[in-house]
Amino acid sequence: KSACNIEGYAELLFNMGEANINNDDIDEAIKSFESALATYEVVLGKAHVSTSIPLEKLGSCLIRERRHKEAMVLLEQALDIRTKHGRHQDLPSAEIYFNMGIIHCETGKLNRAIDCYEEAIKIKTNELGKENIQVAQILNNIGSVFARNKEYQRALKPWQDAIDMYNNAGLSKDDPKVSCTMGNIEFSKRFVSPTPVQSIRHILNY
């Protein structure tokens, strides 16, 4: 098959996988992304930069199933491939860092989560602009890291900045991104932040 046909087939598999995710059918999404990965590995080789994309997608699916160790292995493989090709500062790499941040946050490695979100936000700001919705989503997650450390007051600023970006982008208050972040804000306002055992390191102006 030609490279063009391979790319088209992989895109079809990706679209199927994304559709499955939107329907909360993670098992079928995993099958689609595994098929895409197998196609690239057989035809292009395991070290080809294209294999990093299905690896990242698989990692994101495993995160949703809370299979954190397995997900991190796949994400590290994806980032290693992109790094060896000099592609570690582009948007696909930002997605890898973003997902790594989720894993570190959910497993309590909060400063590592901030490290990953910092890389992701740097790349996405450079590529998409500082007001992009994808940047706002990273800010939402940064707020969640602070909140997980019981730094509720500190979490409010990145969350509010994310809301401002969503509003500027024209998202309605019923949009899941907006409602999720607003819910975080309302929840945290109920608490007076206790002094955390150890504060999370600073990122940007947060």
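Residues numbered from 1 in each chain as written. Predicted model: local features only at pLDDT ≥ 70, side-chain atom pairs only at ≥ 80, totals over all residues. Heavy atoms only, no water.

**Student:** Account for the packing of helix 6 (residues 110–128) against helix 7 (residues 133–148), naming residues and giving values.
**Tutor:** Where helix 6 contacts helix 7, the two axes come as close as 9 Å, and the packing angle between them is 165°. Taken as axis vectors, helix 6 and helix 7 run roughly antiparallel relative to one another. Judged by the sense of rotation from one axis to the other, the crossing of helix 6 with helix 7 is left-handed. Two secondary-structure elements touch here, helix 6 through L110, A113, I114, Y117, A120, I121, K124, T125 and L128 and helix 7 through Q134, V135, I138, L139, N141, I142, V145, F146 and R148. Across the contact of helix 6 with helix 7, the residue classes tally to 13 nonpolar, three polar and two charged. (Axes fitted to C-alpha atoms, helices over the stretch in contact; angles between N-to-C directions. Helix = DSSP H or I, 4+ residues; strand = E, 2+ residues; numbered from the N terminus. Parallel < 35°, antiparallel > 145°, perpendicular 65-115°, else oblique. Left-handed = near helix turned anticlockwise from the far one by under 90°. Contact = heavy atoms within 4.5 Å. Nonpolar A, V, L, I, M, F, W, Y, C, P; charged D, E, K, R; others polar.)

**Student:** How would you explain the pattern of salt bridges if you had to name every residue and give the values?
**Tutor:** Throughout the structure, instances matching the rule amount to 15 salt bridges. One salt bridge connects D24 with R64, and the closest N-O pair in it is separated by 2.9 Å. Remark: R64 occurs in helix 3 (residues 52–64) and D24 occurs in the loop between helix 1 (3–22) and helix 2 (26–43); sequence separation between them is 40 residues. A residue is classified by how much of its surface remains accessible, and R64, at 46% relative accessible area, is partly exposed. Among the ionic pairs, R154 bridges to E151, the shortest N-O distance being 3.1 Å. (Salt bridge = Lys/Arg side-chain N within 4 Å of Asp/Glu carboxyl O. Buried < 20%, exposed > 50% of the residue type's maximum accessible area, 1.4 Å probe, protein only.)

**Student:** Just give me the short version of the packing of helix 2 against helix 3, but keep the residues and values in it.
**Tutor:** At a minimum axis distance of 9 Å, the contact between helix 2 and helix 3 shows a crossing angle of 160°. It follows from the interaxial angle that helix 2 and helix 3 lie roughly antiparallel. Our pair here, helix 2 against helix 3, has a crossing hand that is left-handed. Contacts between helix 2 and helix 3 involve I26, A29, I30, F33, E34, A36, L37 and Y40 on the former and, on the latter, P54, L55, K57, L58, C61, L62 and R64. Looking at the contact of helix 2 with helix 3 residue by residue, the class counts come to 12 nonpolar, no polar and three charged.

**Student:** Before we move on, could you go through a nonpolar patch on the surface and cite the residues and values that matter?
**Tutor:** A contiguous nonpolar surface patch, about 280 Å² in accessible area, is contributed by Y9, L12 and M16. Tracing the backbone through its elements, the reader meets Y9 in helix 1. Relative accessible area serves as the criterion here: at 37%, Y9 is assigned to the partly exposed category. (Patch = residues over 30% accessible without salt bridge, like charges linked within 9 Å, V, L, I, M, F, W, Y side chains within 5 Å. Areas by Shrake-Rupley, 256 points an atom, 1.4 Å probe, with all protein chains shown as cover.)

**Student:** Tell me what's going on with unusual backbone geometry, and back it up with residues and numbers.
**Tutor:** You will see that D24, though not glycine, has its phi angle at about 60°, which is positive. Taking the relative accessible area as the measure of exposure, D24 reaches 57% and is therefore exposed.

**Student:** Provide a residue-level description of the environment of L37, including the pertinent values.
**Tutor:** Here L37 lies in helix 2. Beyond its immediate sequence surroundings of up to four residues, L37 is in contact with T51, P54, L55 and L58.

**Student:** Can you break down helix 5 (residues 91–106) residue by residue, with the values?
**Tutor:** In a regular helix each residue adds 1.5 Å, so 16 residues correspond to 22 Å; helix 5 covers 23 Å between its end C-alpha atoms and thus fits that length. The buried fraction of helix 5 amounts to 12 of the 16 residues, a majority that puts the element mostly inside the structure. Every buried residue belonging to helix 5 is among S93, A94, I96, Y97, F98, N99, M100, G101, I102, I103, H104 and C105, and all of these are buried. Each element contacted by the buried residues of helix 5 is listed here: helix 3, helix 4 (68–84), helix 6 and helix 7. Positive phi appears at G108, one or two residues downstream of helix 5, with a value of about 85°. (Expected span 1.5 Å × (residues − 1).)

**Student:** Can you lay out the packing of aromatic side chains for me, pointing to particular residues and giving the numbers?
**Tutor:** All told, the structure shown has two aromatic pairs when counted by the stated rule. Where F98 meets Y117, the ring centres are 5.8 Å apart and the plane angle is 55°; that geometry is what we call tilted. Pair noted here: F98 is in helix 5 and Y117 is in helix 6, with a separation of 19 residues, a long-range link. For F98, a relative accessible area of 12% corresponds to the buried category. Judged by its relative accessible area of 2%, Y117 falls in the buried class. (Phe/Tyr/Trp six-rings, centres within 6.5 Å; stacked < 30°, edge-to-face > 60°.)

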